[in-house]
Amino acid sequence: MQNYSHLSFGGTISGTSFFLRLLLNTILTSIAFVGTTAITTTYPVIGLLGMFFVGLICLWYALATIWKRSKAISPNQSGLVFAGYLIAGCFVIPGLIAYFVFVFMNSNIETHNG
């Protein structure tokens, strides 16, 4: 059986892993949407279904990444930290501040397992 720990909401990650995972997600999302847009010009239904599923997977991956970092920063209040990050992300300046806090804030966890 394969290990899908990158897509699960269990475990924690470091700030560096948070940065790299969101960077990878952004790059893969961009490549996938360019590819599915090209397919959509020839096969509209297949292209739109492809965009939907790629978007769903990328959203799931991003949310799992944010949740794992929230658990690393504050294990007891991870739900509030997660919600706060998502709300702050709706605005430019608070979103940037929250992003840099997630990247640079130290957690008390020695070994991350996410």
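Higher on the page you've got the structure.
Quick caveat, the model's predicted, so the values are computed rather than measured. (Residues numbered from 1 in each chain as written. Predicted model: local features only at pLDDT ≥ 70, side-chain atom pairs only at ≥ 80, totals over all residues. Heavy atoms only, no water.)

Student: I tried to follow the overall build of the protein chain on my own but got confused; where do I start?
Tutor: A tally of helices and strands in the protein chain yields four helices and zero strands. Shown N-terminal to C-terminal, the secondary structure of the protein chain runs as helices and strands in the order α-α-α-α. A principal-axis box enclosing the C-alpha atoms of the protein chain has dimensions of 50 × 40 × 20 Å. Sorting the 114 residues of the protein chain into buried and exposed places 29% on the buried side. Put simply, 70% of the contacts in the protein chain that link residues at least 6 apart link residues at least 24 apart. Of the roughly 7500 Å² of accessible surface on the protein chain, 75% is carried by carbon and sulfur atoms. (Helix = DSSP H or I, 4+ residues; strand = E, 2+ residues; numbered from the N terminus. Buried < 20%, exposed > 50% of the residue type's maximum accessible area, 1.4 Å probe, protein only. Contact = heavy atoms within 4.5 Å. Areas by Shrake-Rupley, 256 points an atom, 1.4 Å probe, with all protein chains shown as cover.)

Student: I tried to follow the environment of Leu80 on my own but got confused; where do I start?
Tutor: Counting through the fold element by element, Leu80 comes out in helix H3 (residues 78-88). Between the C-alpha atom of Leu80 and that of Ser70, which follows or precedes it by 10 residues, the distance is 8.6 Å.

Student: Just to check I follow, could you spell out the nonpolar core for this structure?
Tutor: One broad trend across soluble globular proteins is that nonpolar side chains are buried collectively. Membership of the largest hydrophobic core is limited to 12 residues, which are Ile13, Phe18, Leu22, Ala62, Ile66, Ile73, Phe82, Tyr85, Ala88, Ala98, Phe102 and Val103. Of all elements in the fold, only helix H1 (15-42), helix H2 (44-73), H3 and helix H4 (92-104) reach the threshold of two or more residues within this core. Among all residues touching Val103, those that are not within four sequence positions of it are Gly15, Phe18, Phe19 and Arg69. (Core = buried A, V, L, I, M, F, W, Y, C linked by side-chain atoms within 4.5 Å.)

Student: Can you help me understand H4 in this one?
Tutor: For an α-helix the count is 3.6 residues per turn, leaving residues at separations of three or four pointing the same way. Between its first and last C-alpha, H4 extends 18 Å over 13 residues, near the 18 Å set by a 1.5 Å rise per residue. Buried within H4 are the following residues: Gly95, Ala98, Phe102 and Val103. Buried residues of H4, viewed axially, fall in a sector of 135°; they line one side. Exposed and oriented more than 90 degrees from the buried face of H4 are Ile93, Ile97 and Phe104. (Expected span 1.5 Å × (residues − 1). Arc of directions from axis to C-beta.)

Student: What's the story with the packing of H1 against H2 in this structure? I'm lost.
Tutor: For any two helices packed against each other, one specifies the inter-axial angle together with the distance between the axes. Here H1 crosses H2 at 175°, and the two axes come no closer than 8 Å. Put simply, H1 runs roughly antiparallel to H2. Here the contact of H1 with H2 is built from residues that sort into 16 nonpolar, 11 polar and three charged. (Axes fitted to C-alpha atoms, helices over the stretch in contact; angles between N-to-C directions. Parallel < 35°, antiparallel > 145°, perpendicular 65-115°, else oblique. Nonpolar A, V, L, I, M, F, W, Y, C, P; charged D, E, K, R; others polar.)

Student: Can you walk me through H3 in this structure?
Tutor: Listing the buried residues of H3 in full gives Ser78, Phe82, Tyr85 and Ala88. For H3, the angular spread of the buried residues around the axis is 135°, confining them to a single face. When the buried face of H3 is taken as reference, the exposed residues oriented beyond 90 degrees from it are Leu80 and Ile87. Those residues of H3 that are buried lie in contact with H1, H2 and H4.

Student: Looking at this structure, how should I read the packing of aromatic side chains?
Tutor: Ring pairs (aromatic) are described by centroid distance and by the angle formed between their planes. One pass over the full model with this rule turns up nine aromatic pairs. Between Phe9 and Trp60, the aromatic rings sit 5.1 Å apart at their centres with planes inclined by 90°, giving edge-to-face as the arrangement. One end of the pair, Phe9, is in the segment before H1; the other, Trp60, is in helix H2, with 51 residues separating them in the sequence. The class for Trp60 is partly exposed, based on a relative accessible area of 46%. Look at Phe18 and Tyr99: their rings are 5.9 Å apart centre to centre, the planes differ by 40°, and that puts the pair in the tilted class. Of this pair, Phe18 sits in helix H1 while Tyr99 is found in helix H4, placing the two residues 81 residues apart along the sequence. A connected cluster of aromatic rings, assembled from ring pairs, spans Phe18, Tyr85, Tyr99, Phe100, Phe102 and Phe104. (Phe/Tyr/Trp six-rings, centres within 6.5 Å; stacked < 30°, edge-to-face > 60°.)

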